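Summary of structural features
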Amino acid sequence: MSDDVKFSLSETDIPKSWYNIMADLPSPPPPVLHPGTKQPIGPGDLAPLFPMAVIQQEVSVEREVEIPEPVRDVYRQWRPSPLYRARRLEQALATPARIYYKYEGLSPAGSHKPNTAIAQAYYNKQEGVKRITTETGAGQWGSALAIAGAFFGLEIEVFMVKVSFNQKPYRRAFMETFGAKCVASPSELTEAGRAVLKAHPDSTGSLGIAISEAVEMAAQRDDTKYALGSVLNHVLLHQTVIGLEAQRQFELANDYPDMVIGCTGGGSNFAGIAFPFIGEKLRRGGNIEVIAVEPAACPSLTKGTYAYDFGDTGHLTPLVKMHTLGSTFVPPGFHAGGLRYHGMAPLVSHLAALGEIKPRAYQQVECFAAGVEFARAEGILPAPEANHAIKAVIDEAVKCKKAGTGKAILFNLCGHGHFDMQAYSDYMAGKLVDQQYDESELAMALAGLPSVA
Ligand SMILES: *Cc1c(COP(=O)(O)O)cnc(C)c1O
């Protein structure tokens, strides 16, 4: 085992292809259905929204999907990202566990999101698209796509969930710096937005509503497409550069993880770090444990139903089978905005159903306590979303101490929290409280799931 703290690869080690777990699944996930006919959709159904290259990746079963050279060229700015051994955290916890983290906060947007934003912008540009619409919750995805738009000369229009738009003016300024347009959602610009405002004039918005607005806007114009920052197969595919690099770095460390941990909103950073390891297990066996950590206030994997549902509140998207809280569910306003989505990626849901992923949920105050403990030991201030993974890591490291066993634990530090200082201020002032979702609202949202014969 290596004594190093940092395991760095060189630019030439950036993976040449992404890893597609579809090739190694024991059974394929259920098909995506047309919302009208309830029949499996074909590539043509998605053509108004996505470029063909992206649609092909969405349905691909090839194990390796080539990363275009211009995309790798942009990746070079921050990839390969470092793998760190959290030696001071291990000491602080007095644990025999070996804790490693892959740090995605060194990207220009400060999170893992550019791994797919760059790729999606590239494919859109290749196919002559002029404008991309999207949604953003906490602002990380909008920021990443804004940067990608500036790199590839594309107009970016971002529907930002209203509560975040008001709470995080710097996020908007960030996106506008790169030339993106940022609109508070629900807005008056779309039918979906106007319908919500008519029913709920004070609506603070949700990702599901913002997706409806962005999709509606993209479908209106031929030169405009839509981009999603999580959930879909192609997004998870692009994020696998994280886990593929980590596998190489574990060779440098002369170690191998017993456990892989990530936080899950829509599932993309988690899939990014975990899928290459799960794939290796599916191909060669082994007993690596994979833990998905979600917020207790928006618990799609631990409390949701595995069923066909819409991806958006306005019911414009196809139906996908996923762990869901119901497309009309609006989670309470906790601080990890990136984890406030009603559904979970179909591939992550499928692997959870197969028993390959163990889900777990935590409340936000205990997650911030873990994040602060991590920051004080390692000097990096994590995004509130990442604090969920860190809470699980610390719990597991403490279990190792009690049992006297030294496991190797890998987690994805998916971003820094420099835009989330209000949340940390609230935590420090003792003002942060755990949020409970409304049980009757969840029951109602689940009762409204579309029926699929
Ligand atoms: C967007 C985001 C998430 C949640 O999205 P996933 O697709 O589940 O990864 C988590 N952490 C950070 C830092 C994010 O920006």
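Residues numbered from 1 in each chain as written. Predicted model: local features only at pLDDT ≥ 70, side-chain atom pairs only at ≥ 80, totals over all residues. Heavy atoms only, no water.

1. Description of the overall build of the chain
- Along its length, the chain carries 19 helices and 15 strands.
- The C-alpha radius of gyration computed for the chain amounts to 20 Å, which stays within 12% of the reference 22 Å derived for 453 residues, consistent with globular compactness.
- Its C-alpha atoms give the chain principal-axis dimensions of roughly 60 × 50 × 45 Å.
- Per-residue burial for the chain yields a buried fraction of 63% across its 453 residues.
- Considering only contacts within the chain whose residues lie at least 6 apart along the sequence, 77% involve residues at least 24 apart. (Helix = DSSP H or I, 4+ residues; strand = E, 2+ residues; numbered from the N terminus. Rg over C-alpha atoms; globule rule 2.2 N^0.38 Å. Buried < 20%, exposed > 50% of the residue type's maximum accessible area, 1.4 Å probe, protein only. Contact = heavy atoms within 4.5 Å.)

2. Description of the sheet that holds strand S4 (residues 83–85)
- In space, the 7 strands of this open sheet follow the order S1-S4-S5-S15-S10-S11-S14, with mixed pairing throughout. In this open sheet, the two edge strands, each paired with only one partner strand, are strand S1 (6–7) and strand S14 (358–362).
- Packing of helix H16 (residues 364–378) onto the sheet brings it into contact with S4, strand S5 (98–103), S14 and strand S15 (408–413), and relative to S14 it is tilted by some 95°. (Pairing = 2+ DSSP bridges. Axes fitted to C-alpha atoms, helices over the stretch in contact; angles between N-to-C directions.)

3. Some details on helix H15 (residues 346–353)
- By the criterion of burial, H15 is predominantly enclosed, with 7 of the 8 residues buried.
- Turning to H15, its buried residues number three or more, namely Pro346, Leu347, Val348, Ser349, His350, Leu351 and Ala352.
- Gly355 sits one or two residues past H15 and shows a positive phi near 85°.

4. Considering the site of the ligand
- Around the ligand sit 17 residues, and of these Lys113, Ser230, Gly265, Ser268 and Asn269 come closest.
- Within the side chain of Ser230, one N or O atom sits 2.5 Å away from an oxygen atom of the ligand.
- Separating an oxygen atom of the ligand from a backbone N or O atom of Gly265 is a distance of 2.7 Å.
- Burial of the ligand by the surrounding chains reaches 97%, relative to a free accessible area of 380 Å².
- Judged by the proximity of its atoms to the pocket grid, the ligand belongs to the largest cavity.
- Along the lines of polarity and charge, the residues of the shell around the ligand split into 4 nonpolar, 11 polar and 2 charged. (Near = heavy atom within 4 Å. Polar contact = N/O pair within 3.5 Å; in protein donor to acceptor, adjacent residues only side chain to side chain. Areas by Shrake-Rupley, 256 points an atom, 1.4 Å probe, with all protein chains shown as cover. 1 Å grid on protein atoms, 1.4 Å probe; cavity = no way out; pocket = protein on both sides within 12 Å on 5 of 7 lines; lining within 4 Å. Sits in = over half its atoms within 2 Å of the grid points. Nonpolar A, V, L, I, M, F, W, Y, C, P; charged D, E, K, R; others polar.)

5. Quick word on the environment of Met22
- Tracing the backbone shows Met22 in the loop between strand S2 (17–19) and helix H1 (43–46).
- Between the C-alpha atoms of Met22 and Gly279, which are 257 residues apart in sequence, the distance is 9.1 Å.
- Sequence-distant contacts of Met22, that is, excluding residues within four places in its chain, are made with Pro29, Ser60, Val61 and Leu347.

6. Topic: the layout of surface pockets
- Of the pockets and cavities examined, the largest pocket occupies roughly 580 Å³.
- As for the largest pocket, its lining consists of 29 residues, of which Val32, Ile41, Glu58, Leu232 and Val320 are closest to the centre.
- Where the lining of the largest pocket is concerned, the elements lending two or more residues are H1, helix H2 (52–59), helix H10 (207–220) and strand S13 (319–324).
- Among the elements that make up the lining of the largest pocket, the one with the highest residue count is S13 (3 residues).
- Across the lining of the largest pocket, the residue classes break down as 23 nonpolar, 4 polar and 2 charged. (Points joined across faces, edges and corners; volume = space filled by probe spheres on them.)

7. What about the side chain of Arg79?
- Checked against the element boundaries, Arg79 lands in the loop between helix H3 (69–75) and S4.
- Of the residues examined, Arg79 reaches a relative accessible area of 2% and is grouped as buried.
- There is a polar contact of 2.8 Å between the side chain of Arg79 and the side chain of Asn115.
- Leaving out residues up to four positions away in the same chain, Arg79 has contacts with Glu11, Ile14, Lys102, Glu104, Asn115, Val241, Ile242 and Glu245.

8. Topic: the nonpolar core
- Trp18, Tyr75, Tyr226, Phe275, Val348, Ile357 and Leu410 are the most contacted members of the largest nonpolar core, which totals 94 residues.
- For Phe275, the contacting residues outside a window of four places in its chain are Tyr19, Ile21, Leu236, Thr240, Phe270, Leu347, Val348 and Leu351.
- If you look at the next biggest cluster of nonpolar residues, it comprises 41 residues, including Ala297, Leu339, Ala392 and Cys414. (Core = buried A, V, L, I, M, F, W, Y, C linked by side-chain atoms within 4.5 Å.)

9. With respect to the packing of aromatic side chains
- Summed over all chains, the structure comprises 17 aromatic pairs.
- The interplanar angle of 65° and the centroid separation of 5.3 Å between the aromatic rings of Tyr122 and Tyr123 together place this pair among those described as edge-to-face.
- Given a relative accessible area of 13%, Tyr122 falls into the buried group.
- Classification of Tyr123 by relative accessible area gives buried; the value is 8%.
- Seen from their ring centres, Phe329 and Tyr437 are 6.0 Å apart, and the 75° between their planes marks the pair as edge-to-face. Of this pair, Phe329 sits in the loop between S13 and H15 while Tyr437 is found in the loop between helix H18 (421–428) and helix H19 (439–447), placing the two residues 108 residues apart along the sequence. The burial state of Phe329 is the same as that of Tyr437; both residues are buried.
- Each member of the aromatic cluster is reached from another via a ring pair, and the members are Phe7, Tyr100, Phe250, Tyr256 and Phe277. (Phe/Tyr/Trp six-rings, centres within 6.5 Å; stacked < 30°, edge-to-face > 60°.)

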